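Descriptive structure summary
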Amino acid sequence: MLPGDKSISHRYAMLAGFAEGTSRLMNFSTGEDPHSSLGCMQAMGAKVETVGRTIEVTGTAGVLAQPVGNLDCGNSGSTMRMLAGLVAAQAGLYRFVGDESLTVRPMERIRKPLEQMGARIELTEGHAPMTVRGTPLTAIDFETPIASAQVKTAVLFAGLQAKGTTSIAEQVRTRDHSEHALRAFGARLERKGDRLSIVGGQKLRAIDATVPGDMSSAAFFLCASLLFEDSNLVLDALGMNPTRAALLDVISAMGGVIKVLDVQETYGEMVGTIQVNRGKTLRGIEIAGTLAAQLIDELPVIAAIAPYTDGGVRIRDAKELRVKESDRIALVVKNLRTMGAEVTEHEDGMDIPGGQKLRGGVIDSGLDHRIAMAFSIAALRAEGETEIRGAEAASVSFPEFYTWLDELAIR
Ligand code: S3P
């Protein structure tokens, strides 16, 4: 069974820590990032216990303690941005820190809407370390200028505690796990068209939930299966939330044959079993506009298999890739060139011609989990050996990745 979805695990960790009662979270992500969220919630008064593969979180019933030291978010932008919204209306002083990569990632995007609500947030040149001095908040109507589920979530978490009804409109529909998770924990939330609204002052209650398998982790094996003519990949308990499943359409467009064998719903999240086989050819694709935003975490691995396609891959409107755990456009281009591929870099994407052969080389992961895993997939079809420097970064989202890869490759 694929480890639990990273995005959903973050939200369950935070809301379970904020709710009243003890939540039992099955198949919680094994990645370091969601464990940073758990660690922060623990530092703010939640009790966290691991019982086999279940994480039990006893929440703070809406009153977070002031942590003794810094809140360490590690490599996790989700932890820092979403928690900023959760603590902004609380009574304490919260100082967030992260690793080298997180310390240069943009935080202004959450400061702006939260400050409109009355929050007091200090950044260091637009980045972490970040200090939030909790204070009562007032609802706002916010039109988000960037497609970011983390920003949306920060505003919703603050809105949950603000005076009045907070609304947020997004032009590009980003992943909606926060909406489902808030409802799961008992909050009322309305969506009208592209506008979401949440009434302040609501209380949350604990849940028992199983986290669906992570589509963004499955992406590496789904893309690997396109590289081998006789591949047959079956993944069960996979999260298939429509705001996260654009990759399945892309795989079909590239010539993969996907069968959905079973779908169910749990707390608003779709979970299913899929089977993927490669078709006769591996076609190229163009990814731009809304699709680029929806596939933002999967673009590195799509780019990594692009040289093996017939028609090549063109990616645009993906400038956000430059401010992820690394500059993912620069690193993908650099590593593809290391493997002998021709590639043209653009400010917001890249052009990778198809019909190319790759050779093994020394890959620089930039300590970015998705770069390490994406190039492990590219290496499967390359001539000669590939060494991934900083391969251990995979643990940020998927510690079992290399074990899975080993097992799947032999079968
Ligand atoms: C995430 C949202 C996306 C994504 C990240 C996880 C989330 O980031 O890239 O890996 O869980 O909400 P942005 O909100 O910055 O687009």
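Let me sum up the structure you'll find in this document. Since the model is a prediction, treat every value here as computed from it, not as a measurement.

Regarding the packing of aromatic side chains
Taken as a whole and assessed by the stated rule, the structure comprises 8 aromatic pairs. Ring centres of Phe-398 and Trp-404 lie 6.0 Å apart, and the angle between their planes is 65 degrees; this geometry places the pair in the edge-to-face category. Note on accessibility: Phe-398 and Trp-404 belong to one class, buried. Through successive ring pairs, a cluster of aromatic residues spans Phe-220, Phe-221, Phe-398, Phe-401, Tyr-402 and Trp-404. A cation over a ring is seen here: Arg-381 above Tyr-308, with NZ or CZ 5.3 Å from the ring centre.

Considerations on the site of the ligand
Around the ligand, 13 residues are found, and the nearest of them are Ser-7, Arg-11, Ser-148, Asp-297 and Lys-324. One of the backbone N or O atoms of Ala-149 is found 3.1 Å from an oxygen atom in the ligand. Here an oxygen atom of the ligand and a backbone polar atom of Gln-150 are 3.0 Å apart. Because more than half of its atoms lie within 2 Å of the grid, the ligand is assigned to the largest pocket. Elements with a contribution of two residues or more to the shell around the ligand: helix H1 (6-18), helix H3 (77-87) and helix H5 (149-159).

Let's talk about the pairing of strand E10 (residues 189-192)
One ladder, built from 4 bridges, connects E10 with strand E11 (residues 195-199); its direction is antiparallel. What sits directly across from Leu-189, in E11, is Ile-198. Linkage of E10 to E11, two consecutive antiparallel strands, is achieved through a turn of 2 residues, within which Gly-193 is found at a positive phi near 60 degrees.

Here we look at the pattern of salt bridges
Here the structure, examined in full by the defined rule, presents 28 salt bridges. Note that Arg-244 is salt-bridged to Asp-5, the shortest N-O span being 3.0 Å. Here the residue Arg-244 occupies a position in the loop between strand E13 (232-239) and helix H8 (246-253), and Asp-5 occupies one in the segment before H1, the gap between them amounting to 239 residues. Given the relative accessible area of 4%, Arg-244 is considered buried. Between Glu-179 and Lys-152 there is a salt bridge, and its shortest N-O distance comes to 2.9 Å. Pair noted here: Glu-179 is in helix H6 (residues 177-184) and Lys-152 is in helix H5, with a separation of 27 residues, a long-range link. The class for Glu-179 is buried, based on a relative accessible area of 2%. Residue classification places Lys-152 among the buried positions, given a relative accessible area of 1%. Through salt bridges with shared partners, a single network forms among Arg-105, Glu-325, Arg-328 and Asp-368.

Describing H8
Looking at H8, one finds that the buried residues are Ala-246, Leu-247, Leu-248, Val-250 and Ile-251. Within two residues after H8, Gly-255 carries a phi angle of roughly 110 degrees, on the positive side.

About the thresholds
- Residues numbered from 1 in each chain as written.
- Predicted model: local features only at pLDDT ≥ 70, side-chain atom pairs only at ≥ 80, totals over all residues.
- Heavy atoms only, no water.
- Phe/Tyr/Trp six-rings, centres within 6.5 Å; stacked < 30°, edge-to-face > 60°.
- Buried < 20%, exposed > 50% of the residue type's maximum accessible area, 1.4 Å probe, protein only.
- Lys NZ or Arg CZ within 6 Å of the ring centre and 35° of its normal.
- Near = heavy atom within 4 Å.
- Polar contact = N/O pair within 3.5 Å; in protein donor to acceptor, adjacent residues only side chain to side chain.
- 1 Å grid on protein atoms, 1.4 Å probe; cavity = no way out; pocket = protein on both sides within 12 Å on 5 of 7 lines; lining within 4 Å.
- Sits in = over half its atoms within 2 Å of the grid points.
- Helix = DSSP H or I, 4+ residues; strand = E, 2+ residues; numbered from the N terminus.
- Pairing = 2+ DSSP bridges.
- Salt bridge = Lys/Arg side-chain N within 4 Å of Asp/Glu carboxyl O.

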